[in-house]
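# Residue-level structure breakdown
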Amino acid sequence: MTKEKHGICGICFHSPGCGAIVHFDDEGKIVRLTPDPEAPMGKVLCPMAGSAAQIIYSESRIKQPMKRKGPKGKLDFEPITWDEAYDIIVNKLKELKAAHGPESIGFYAGTGTYERAFKDAFQLKGSEIYLASSILFPFGSPNTFGVGAPCYTSLGVLAPKVTFGNLHIDMFSDVDNSDLIVVWGTDPSTSTPPEMFHRIVRAANEGARIIVIDPRRTASAKLQGSMWVQIRPGTDGALALGLSHILIRDGLTDDEFVENWTLGYEEFKGYVKEFTPEKVSGITGISPEVIEELAHEIANAEGASYVMYTGLEYTKSGVHNIRAVMVLWALAGQLDVEGGRCFVQQENRIKLNRDHQVETPGFDRSIGKGHFPLYSHFCGGEPHASLLPRALLHSDPYKIRGLFIMGASILTAWPDPIQWQKAFNELDFMVSIDLQFTRDAAWADIVLPATTAFEQASYCFYGNAIRIREKMIDPVGDSKPCFTILTELAERLGYGERFPANEMELLDKVLKGTGITRAELEQAPLHTVRKNPEPMRYRKWETGGLRKDGKPGFETPSGRFEIKSKVLEEMGYDGLPVYEESYETPVSQPQMLNRFPLILGTGPFKPDMKSCLRAIPDFMERYPNPMVQMNPEDAKERDIETGDSVVVKTIRGFVEMTADVTGDIMEGYVYAPVGGGGPQGTESWRRANINVLTDLKQFDPISGFPTYKTLLCQVKKKRRQRTIVVQDPSLGCVG
């Protein structure tokens with residue numbers, strides 16, 4: 001007979017915290033999760049929740065601190081105690097600080113650190129959202145880095161802040177009232193949290209029009225009455241500009257908004273004049289007729305919203321692509337209207353206190369000085385992580401000698417893992433902190449075992465609600481929550497008082513000034529307190545609902561919706577949302593098409609967490625091999641069928657995968673999964689690091705984001721199963 005308890009899913013930190021009923025066996029072990037509709041975000045759980053027990057009790061979990069025994073590059077460790085681990089770390093940090101200065105040590109935080117209390121404790125003071133940890137700031141090092149450097153920040157922070165002064169999380173798509181929903185470059189059916197897709201399904205069943213703009217036919221494109229618009233990857237900005245061209249040409253813009261609330265409209269109008277349907281068709285591969293239809297549908301819908309995530313970020317003009325879509329929605333009169341793309345009503349949000357957060361000891365002392373100024377400006381002085389290899393390999397501007405990596409796998413997430421491996425070889429000291437061994441851990445001197453969120457007490461924040469996260473089980477083995485690891489480390493480094501000692505002490509701090517107390521949360525049903533919502537008001541810029549001073553307008557330097565951004569211009573970028581062909585495309589590099597005629601897109605095969613779940617039996621059964629998706633016409637030309645072994649090549653290298661031939665991907669495009677190349681999972685996954693094919697030198701100059709989605713490639717059928725991968729020149733003629 002199983003027992004059950006109301007709790008919060010503790011597998012991933014991509015969502016604020018999905019409510020779940022946790023079921024236990026007689027020994028108190030978690031056996032399964034089921035939805036908890038009464039809890040915040042508890043109506044539906046993603047498929048990963050079905051593997052919760054396998055994830056928590058995985059044989060691959062690191063259960064105690066480890067110290068390197070063998071050579072670097074190998075996972076050869078011996079167990080030690082926490083006291084021994086802390087002593088080694090603290091002594092090494094002090095040694096490096098004395099010899100090379102505190103800035104010689106860096107800290108990289110991944111999505112494994114995105115637990116709410118951790119974020120609130122270690123968010124950099126002045127950063128718009130949590131992206132990196134401030135743990136080394138009191139030590140004197142400004143060199144903190146995070147996964148926001150290759151993911152989400154373009155959409156979540158940079159584009160919205162410079163356009164209208166808000167964050168992505170300050171807005172929502174009112175799909176429950178939309179007549180038209182445009183799903184642009186994302187697949188809500190595989191997202192975490194999963195609730196958005198269920199709302200889109202309901203909307204489609206009620207007669208809403210669903211348009212999916214994507215090189216892949218996702219589940220949203222298969223809904224009743226939906227339309228799949230196949231677009232050449234990386235050209236979304238050109239499409240958005242072309243749609244704005246049509247709105248202006250046909251008099252479909254919100255003239256009152258344009259005249260009274262925008263900056264740079266006339267310059268924008270002149271710029272998009274050349275983006276005719278015919279020209280945009282030549283860029284995107286979408287017919288002029290479909291482009292015309294799409295523009296009129298957006299303008300004429302009784303409420304049009306878009307659902308968009310990170311798909312538009314990974315090109316040379318990623319930030320501008322996203323801005324172009326935002327401008328399109330504003331011109332169409334679909335901004336902050338019922339059924340449109342709306343601003344959250346600020347009086348309905350709980351405003352958490354951030355007074356305790358720690359400020360950088362000086363961005364100008366970091367390796368980021370002079371690089372990616374917009375990123376560092378909105379991210380609390382965080383230097384961009386893409387600069388790490390240069391600092392490690394070339395001492396530019398100086399050498400990083402020690403590095404912490406927490407809840408991340410740099411070698412499977414960033415382009416050019418070979419260069420990163422060379423960089424790791426230059427380190428004097430590395431600490432890896434995670435649930436399991438990562439590829440990075442092969443270069444670590446110390447490995448520390450982290451927990452899932454089921455194994456800690458904390459809290460979750462939902463904007464208009466806050467909930468205590470109860471600890472469901474004791475930590476597995478001798479593991480500790482990331483929060484505890486860093487607060488204990490801070491104590492041993494002599495500045496423990498700079499951070500809250502535990503999650504409940506932190507909760508008291510963040511609740512200061514909210515009118516909510518921890519005692520109220522502890523006594524409330526489901527330990528949840530919700531703010532009573534005020535009735536929704538639209539077009540909030542007219543009544544002061546978007547500015548901190550309560551005046552009409554937007555929280556921008558001009559007080560207007562900045563089609564032409566003053567902040568971008570001041571930092572040396574183009575102020576308009578311009579379109580620029582990416583570095584390596586059929587248009588910019590036509591001479592490569594003979595060897596590499598296909599376009600490569602990379603990303604997760606969801607539901608998964610990239611490299612994190614490769615050792616989970618359910619995942620290995622479902623995805624025993626990394627599958628590269630390709631169109632039947634492309635496969636036929638290469639005599640490839642589903643299940644065939646293939647080689648995916650770019651000018652930089654190759655990986656072996658298994659073919660998945662499907663009509664759900666446009667001709668000329670292939671899609672390959674990230675997350676291979678680590679030490680977990682099947683042999684085929686361990687050998688398939690797709691980032692061998694990507695390029696650290698190709699990036700958006702504003703955000704620094706790599707161009708993961710637009711590279712040129714070839715796919716060939718593989719007949720021989722080679723055992724020698726690296727050629728030995730001594731086996732051939734050498735002169």
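Residues numbered from 1 in each chain as written. Predicted model: local features only at pLDDT ≥ 70, side-chain atom pairs only at ≥ 80, totals over all residues. Heavy atoms only, no water.

## Some points on the overall build of the chain
For the chain, the count of helices and strands is 22 helices and 27 strands. Relative to a compact globule of 735 residues, whose C-alpha radius of gyration would be 27 Å, the chain shows 25 Å and is just as compact. Counting across all 735 residues of the chain, residues that qualify as buried make up 62%. Across the chain, the fraction of contacts at a sequence separation of at least 24, relative to all contacts at a separation of at least 6, is 73%. Of the accessible surface of the chain, which amounts to about 27900 Å², a share of 49% is contributed by carbon and sulfur atoms. The averaged location of the 95 negative side-chain charges in the chain is 4 Å from the averaged location of its 82 positive side-chain charges. (Helix = DSSP H or I, 4+ residues; strand = E, 2+ residues; numbered from the N terminus. Rg over C-alpha atoms; globule rule 2.2 N^0.38 Å. Buried < 20%, exposed > 50% of the residue type's maximum accessible area, 1.4 Å probe, protein only. Contact = heavy atoms within 4.5 Å. Areas by Shrake-Rupley, 256 points an atom, 1.4 Å probe, with all protein chains shown as cover. Lys, Arg positive; Asp, Glu negative; His and termini not counted. Charge placed at Lys NZ, Arg CZ, Asp CG, Glu CD.)

## Some remarks on the pattern of salt bridges
Here the structure, examined in full by the defined rule, presents 45 salt bridges. Between lysine 67 and glutamate 78 there is a salt bridge; the shortest N-O distance is 3.6 Å. Placement of the pair is lysine 67 in strand β4 (residues 66–68) and glutamate 78 in strand β5 (residues 77–79), with a sequence separation of eleven residues. The exposure class assigned to lysine 67 is partly exposed, which follows from its relative accessible area of 31%. One salt bridge in this structure joins glutamate 580 and lysine 316, with 3.0 Å as the shortest N-O distance. (Salt bridge = Lys/Arg side-chain N within 4 Å of Asp/Glu carboxyl O.)

## What to know about the sheet that holds strand β19 (residues 465–469)
Judged by pairing direction, the sheet is antiparallel, and its three strands sit side by side in the order β18-β19-β20 without closing on themselves. Single-partner strands in this sheet number two, and they are β18 (458–461) and β20 (528–530). Going from strand to strand, the sheet's axes swing by 15° on average, the running direction of each strand aside. The sheet strands contacting helix α17 (residues 503–510) are β18 and β19, and the helix crosses β18 at an angle near 35°. (Pairing = 2+ DSSP bridges. Axes fitted to C-alpha atoms, helices over the stretch in contact; angles between N-to-C directions.)

## Observations regarding the nonpolar core
Membership of the largest hydrophobic core comes to 166 residues, with the highest contact counts inside it found for Trp184, Leu239 and Phe424. Looking at which element gives the most residues to this core, the answer is helix α11 (residues 318–331), with ten residues. Of all hydrophobic cores here, the second largest spans 25 residues; its members include Cys12, Met48, Ile56 and Phe454. (Core = buried A, V, L, I, M, F, W, Y, C linked by side-chain atoms within 4.5 Å.)

## Considering the packing of helix α4 (residues 153–164) against α11
Orientation of α4 relative to α11, taken along the N-to-C sense of each, is 55°, at an axis distance of 9 Å. Here α11 runs oblique to α4, going by the angle between their axes. Considering how the two elements wind past one another, α4 and α11 form a crossing that is right-handed. Each of Ser154, Leu155, Leu158, Ala159, Pro160, Val162, Thr163 and Phe164 in α4 lies in contact with α11, whose residues at this interface are Val319, Ile322, Arg323 and Met326. (Parallel < 35°, antiparallel > 145°, perpendicular 65-115°, else oblique. Left-handed = near helix turned anticlockwise from the far one by under 90°.)

## Focus on the side chain of glutamine 698
Tracing the sequence through the fold places glutamine 698 in the loop between α22 (683–686) and β27 (711–717). Side-chain polar atoms of glutamine 698 contact the side chain of glutamate 584, separated by 3.0 Å. A distance of 3.2 Å separates the side chain of glutamine 698 from the side chain of aspartate 695, its partner in a polar contact. If near-sequence neighbours (up to four positions away) are discounted, glutamine 698 is found in contact with Tyr583, Glu584, Arg652, Phe705, Pro706, Thr707 and Leu711. (Polar contact = N/O pair within 3.5 Å; in protein donor to acceptor, adjacent residues only side chain to side chain.)

## Brief notes about the sheet that holds strand β22 (residues 598–603)
Read around the barrel, six strands follow the order β22-β26-β23-β25-β24-β27 and close on themselves; strand pairing throughout is mixed. Sheet twist, expressed as the average angle between the axes of neighbouring strands with direction ignored, equals 45°. One ladder, built from two bridges, connects strand β23 (residues 627–630) with strand β26 (residues 669–673); its direction is antiparallel. Bridged to methionine 630 within β26 is valine 670.

## Regarding the packing of aromatic side chains
All told, the structure shown has 28 aromatic pairs when counted by the stated rule. Their ring planes at 80° and their centres at 5.1 Å tell us that tyrosine 114 and tyrosine 130 sit as a pair that is edge-to-face. On the criterion of sequence distance, the pair formed by tyrosine 114 in the loop between β6 (105–109) and α3 (116–122) and tyrosine 130 in the loop between α3 and β7 (144–146) is long-range, its members being 16 residues apart. We note that tyrosine 114, like tyrosine 130, is buried. An angle of 45° between the planes, with centres 4.7 Å apart, marks the rings of phenylalanine 118 and phenylalanine 122 as tilted. On the criterion of helical spacing, the pair formed by phenylalanine 118 and phenylalanine 122 is a turn pair, its members being four residues apart in helix α3. The structure contains a cluster of three or more aromatic residues connected by ring pairs, namely Tyr114, Phe118, Phe122, Tyr130, Phe483, Tyr495 and Phe499. (Phe/Tyr/Trp six-rings, centres within 6.5 Å; stacked < 30°, edge-to-face > 60°.)

## Section: empty space enclosed by the protein
Applying the stated criterion to the full structure yields five cavities of 30 Å³ or more. If you go around the largest cavity, the residues you meet are Cys9, Ile11, Cys12, Ser15, Cys18, Leu45, Cys46, Met48, Ala49, Thr192, Pro193 and Pro194. Taken together, the residues of the lining of the largest cavity break down into ten nonpolar, two polar and no charged. (1 Å grid on protein atoms, 1.4 Å probe; cavity = no way out; pocket = protein on both sides within 12 Å on 5 of 7 lines; lining within 4 Å. Points joined across faces, edges and corners; volume = space filled by probe spheres on them. Nonpolar A, V, L, I, M, F, W, Y, C, P; charged D, E, K, R; others polar.)

## What to know about the environment of methionine 48
Inspection of the secondary structure assignment puts methionine 48 in the loop between β3 (30–35) and α1 (52–56). It is 31 Å that separates the C-alpha atoms of methionine 48 and histidine 384, two residues lying 336 residues apart in sequence.

## Describing the environment of arginine 530
Note that arginine 530 resides in strand β20. Classification of arginine 530 by relative accessible area gives partly exposed; the value is 46%. Sequence spacing of arginine 530 and alanine 457 is 73 residues, and the spatial spacing of their C-alpha atoms is 20 Å. Those residues in contact with arginine 530, other than ones at most four positions away along the chain, are Glu38, Ala39, Pro40, Asn464 and Ala465. Polar contacts involving the side chain of arginine 530 include one to the main-chain carbonyl oxygen of glutamate 38, which spans 3.4 Å.

Any functional reading would require information that these geometric values do not contain.
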